[in-house]
Amino acid sequence: MLVTYKEALKEVKDGIRELLENLMKANEIIYNGISTCNQEEFKDARTNLKNTTAKTVTIDNNIIKLLALYTPEATDLREVVAFLKITNEILRAATSTRSMIKGLTDTCEEIDSDMIKDFALPLQLSSLNAIKLVKEMLDIDYEDELRDTFNETLIEENKTDDLYELLERSVLDNQVNSLEDFEKKHKILRAFRKSEKIADRSVSMAYLLLYIKIGGTMQRS
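Calculation criteria
- Residues numbered from 1 in each chain as written.
- Predicted model: local features only at pLDDT ≥ 70, side-chain atom pairs only at ≥ 80, totals over all residues.
- Heavy atoms only, no water.
- Disulfide = S-S within 2.5 Å.
- Helix = DSSP H or I, 4+ residues; strand = E, 2+ residues; numbered from the N terminus.
- Buried < 20%, exposed > 50% of the residue type's maximum accessible area, 1.4 Å probe, protein only.
- Expected span 1.5 Å × (residues − 1).
- Patch = residues over 30% accessible without salt bridge, like charges linked within 9 Å, V, L, I, M, F, W, Y side chains within 5 Å.
- Areas by Shrake-Rupley, 256 points an atom, 1.4 Å probe, with all protein chains shown as cover.
- Salt bridge = Lys/Arg side-chain N within 4 Å of Asp/Glu carboxyl O.
- Lys, Arg positive; Asp, Glu negative; His and termini not counted.
- Charge placed at Lys NZ, Arg CZ, Asp CG, Glu CD.
- 1 Å grid on protein atoms, 1.4 Å probe; cavity = no way out; pocket = protein on both sides within 12 Å on 5 of 7 lines; lining within 4 Å.
- Points joined across faces, edges and corners; volume = space filled by probe spheres on them.
- Nonpolar A, V, L, I, M, F, W, Y, C, P; charged D, E, K, R; others polar.

Asks: Is there a simple way to think about the state of the cysteines in this case?
Replies: In a disulfide, the sulfur atoms of two cysteines are held together by a covalent bond. Scanning the entire structure with this criterion turns up 1 disulfide. A sulfur-sulfur distance of 2.2 Å marks the disulfide that ties Cys37 to Cys108. Measuring handedness by torsion sign, the sulfur bridge of Cys37 and Cys108 sits at about -85° and is left-handed. Residue Cys37 is located in the loop between helix 1 (2–34) and helix 2 (39–47), and its partner Cys108 is located in the loop between helix 4 (74–107) and helix 5 (113–137); the two are separated by 71 residues in the primary sequence. By relative accessible area, which is 12% here, Cys37 ends up buried.

Asks: Help me understand helix 6 (residues 143–173), please; the structure alone is not making it clear to me.
Replies: For helix 6, which comprises 31 residues, the first-to-last C-alpha distance of 45 Å matches the rise-based estimate of 45 Å (1.5 Å per residue) to within 8%. All buried positions along helix 6 are accounted for by Leu146, Thr149, Phe150, Thr153, Glu156, Glu157, Thr160, Leu163, Tyr164, Leu167 and Val171.

Asks: Teacher, can you tell me more about a negative patch on the surface here?
Replies: Together, Glu136, Asp141, Asp144, Glu145, Asp148 and Glu152 line one region of the surface with negative charge. At 4 residues, the largest contribution of residues to the negative patch is made by helix 6. Along the polypeptide, Glu145 turns up in helix 6.

Asks: I tried to follow the layout of surface pockets on my own but got confused; where do I start?
Replies: Empty space among the atoms becomes visible once a probe the size of a water molecule is rolled across them. Each pocket or cavity is described by its volume, and for the largest pocket that value is around 340 Å³. Around the largest pocket sit 18 residues that line it, and Lys13, Glu79, Asp141, Ile212 and Lys213 are the ones nearest its centre. For the lining of the largest pocket, the elements supplying multiple residues, two or more each, are helix 1, helix 4 and helix 7 (179–214). For the lining of the largest pocket, the element with the highest residue contribution is helix 1, accounting for 5 residues. Grouping the constituent residues of the lining of the largest pocket by class yields 9 nonpolar, 1 polar and 8 charged.

Following this line, the structure appears as structure tokens:
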């Protein structure tokens, strides 16, 4: 039974790893496409998120079967419950990524090039780095290394907060001359706000992965 349980858990973990990989690829493509407003790359990014909802449902169903069949305890139970919550965080990050793609498709060509270089690109890079670090945490066994990577994830998320604030200030500093102008600025900020939200979701996942190893709380206080 133990071998069968391990195989079932491995299937769950592999599914989560695949979702994180797809999320990472989508955000990497967005990062590469921002500076040139490449619409084809934005479409390609969206392709990497295809069927995310269906895949998370499959993983969640596998987790429920695992709980019903094997009734894991202690650390095993922590791991399984954390994975159940991680799939929800991935789904929310994927939703934010799709929203960001839509926003960039509509507004990217209207964003000042200096604003992109100084704020938008660094913001998206930090968000992308946060996802990559979470994916690394999934396969880290040593507590010290896990904590170090967790802290790196926090740093990247903090960067997105600061960079979004600077981007917002830069956008709003320019005079608004009409309702159309206001709506344009609002769409730009809403698109990049999603990048910040993706980093938030990454930190939530990082907390859950840390919880698996050391216990405590399942989310930031």
